[in-house]
Amino acid sequence: MAENASLIDFQGDGGQDVMVAAYRHDAHKMNGQPHDYAPETFAGVPVNQTVPHGADGDASALSRPHGQPEQTMENHETLYRLSLIEGESRYNPEEFTRNGVESAVRSLLTEDDPAAMHRAWLESDVVSAFNESVYYPYTSLKYHTLLVAALLDNYRDGHEFADLLLVVDRAGEVVPHRTVYAGDDFALRIDESAGGRPSSRLGSRPWRSWASTWNRLTAHPLDAAHDKYDMVLDANLRRIGAWSTALQYIEDFREAFDR
């Protein structure tokens, strides 16, 4: 299928739910296989399919530069993500045993209910260990996938990228497919309507615009004026351009400081 495949074309390809496919489209990255040579099935379900409406390409542009990828970190060519906090690989051989990873990946990919898959990706710790590109090791496969799903769900409802907002929701509020981060203090989603919640427009085109989008929020979910933890987190979020890196940084920061 072409990158700009239509929804009709996709649905005619095996009848798989388009949102389910979005969560399975990068399965090959969890075992280090290039897309062109990756198997078309995993545990009996179709994987590694092209996502319609260009949602995958747009989500990639939110975290990675256009053009031919270049190695950005010497001596790091693995599928495991580097942490912005620790500067080290998130791979832990004691925590990420082969059987444990395979079991977690299987549960993520073989679920066939789209809303349940969205929840599983939001809550997964194992998938946080992978980057979305070995060339950009600080990026996150987890949040790239959630961004793909959020864009696709908006696009299939007829919204253009320029219509979309980053919206701050209360903790515990999860909008199927559109919530891209769910923490104990707040949630973030991509939507065309903020419903009165703090928000910021994504811009006219997808690019590594996290910092500028975060800076333009009409109200911030962090108490950067009084809380030192929030102050540091907010200051660093204002410096990160890549969306998947920034969303993963929020998760890592909260985990590192037990917040």
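Structure shown above.
Residues numbered from 1 in each chain as written. Predicted model: local features only at pLDDT ≥ 70, side-chain atom pairs only at ≥ 80, totals over all residues. Heavy atoms only, no water.

## So, unusual backbone geometry
Among all residues save glycine, negative phi is the norm, and among peptide bonds the norm is trans.
Then, in step 1: Backbone geometry places His 53, a non-glycine residue, at a positive phi of 65°.
Then, in step 2: Relative to the assigned elements, His 53 resides in the loop between β2 (45-46) and α3 (55-61).
Then, in step 3: Not every positive phi belongs to a glycine, and His 177 is a case in point at roughly 75°.
Then, in step 4: Mapping His 177 onto the fold places it in the loop between β3 (165-170) and β4 (179-182). (Helix = DSSP H or I, 4+ residues; strand = E, 2+ residues; numbered from the N terminus.)

## A look at the packing of helix α8 (residues 228-237) against helix α9 (residues 243-256)
Then, in step 1: At their nearest, the axes of α8 and α9 sit 11 Å apart, and the two run at 160° to each other. With respect to their mutual orientation, α8 and α9 come out roughly antiparallel. Seen along the crossing, α8 lies across α9 with a hand that is right-handed. Each of Tyr 229, Val 232, Leu 233, Asn 236 and Leu 237 in α8 lies in contact with α9, whose residues at this interface are Ala 246, Tyr 249, Ile 250, Phe 253 and Arg 254.
Then, in step 2: Residues belonging to the contact of α8 with α9 are distributed by class as follows: eight nonpolar, one polar and one charged. (Axes fitted to C-alpha atoms, helices over the stretch in contact; angles between N-to-C directions. Parallel < 35°, antiparallel > 145°, perpendicular 65-115°, else oblique. Left-handed = near helix turned anticlockwise from the far one by under 90°. Contact = heavy atoms within 4.5 Å. Nonpolar A, V, L, I, M, F, W, Y, C, P; charged D, E, K, R; others polar.)

## Observations regarding the nonpolar core
One recurring pattern in soluble globular proteins: nonpolar side chains tend to sit buried together.
Then, in step 1: Leu 151, Leu 188, Ile 190, Trp 210 and Leu 237 are the most contacted members of the largest nonpolar core, which has 59 residues in total.
Then, in step 2: Beyond its immediate sequence surroundings of up to four residues, Leu 237 is in contact with Trp 210, Ala 211, Trp 214, Leu 222, Ala 246, Tyr 249 and Ile 250. (Core = buried A, V, L, I, M, F, W, Y, C linked by side-chain atoms within 4.5 Å. Buried < 20%, exposed > 50% of the residue type's maximum accessible area, 1.4 Å probe, protein only.)

## Structural notes on the pairing of strand β5 (residues 186-191)
For a regular strand, the rule is simple: side chains alternate between the two faces of the sheet.
Then, in step 1: Here β5 lies mainly inside the structure; six of its six residues are buried.
Then, in step 2: Inspection of the sheet shows β3 paired to β5 by six bridges, in the antiparallel sense. By the bridge assignment, Leu 166 is partnered in β5 with Ile 190. (Pairing = 2+ DSSP bridges.)

## Concerning the sheet that holds strand β6 (residues 199-201)
Then, in step 1: In spatial order, the strands read β4-β5-β3-β6; together these four strands make up an open sheet with antiparallel pairing. Two strands bound the open sheet, and with one partner strand each, they are β4 and β6. Neighbouring strand axes in the sheet, compared pairwise and without regard to direction, differ in orientation by 15° on average.
Then, in step 2: As judged from the three bridges shared by β3 and β6, these two strands associate in the antiparallel manner. Within the sheet, the bridge partner assigned to Leu 165 lies in β6 and is Arg 201.
Then, in step 3: In the packing of α9 onto the sheet, the strands contacted are β3, β4 and β5, and the crossing angle to β4 comes to about 20°.

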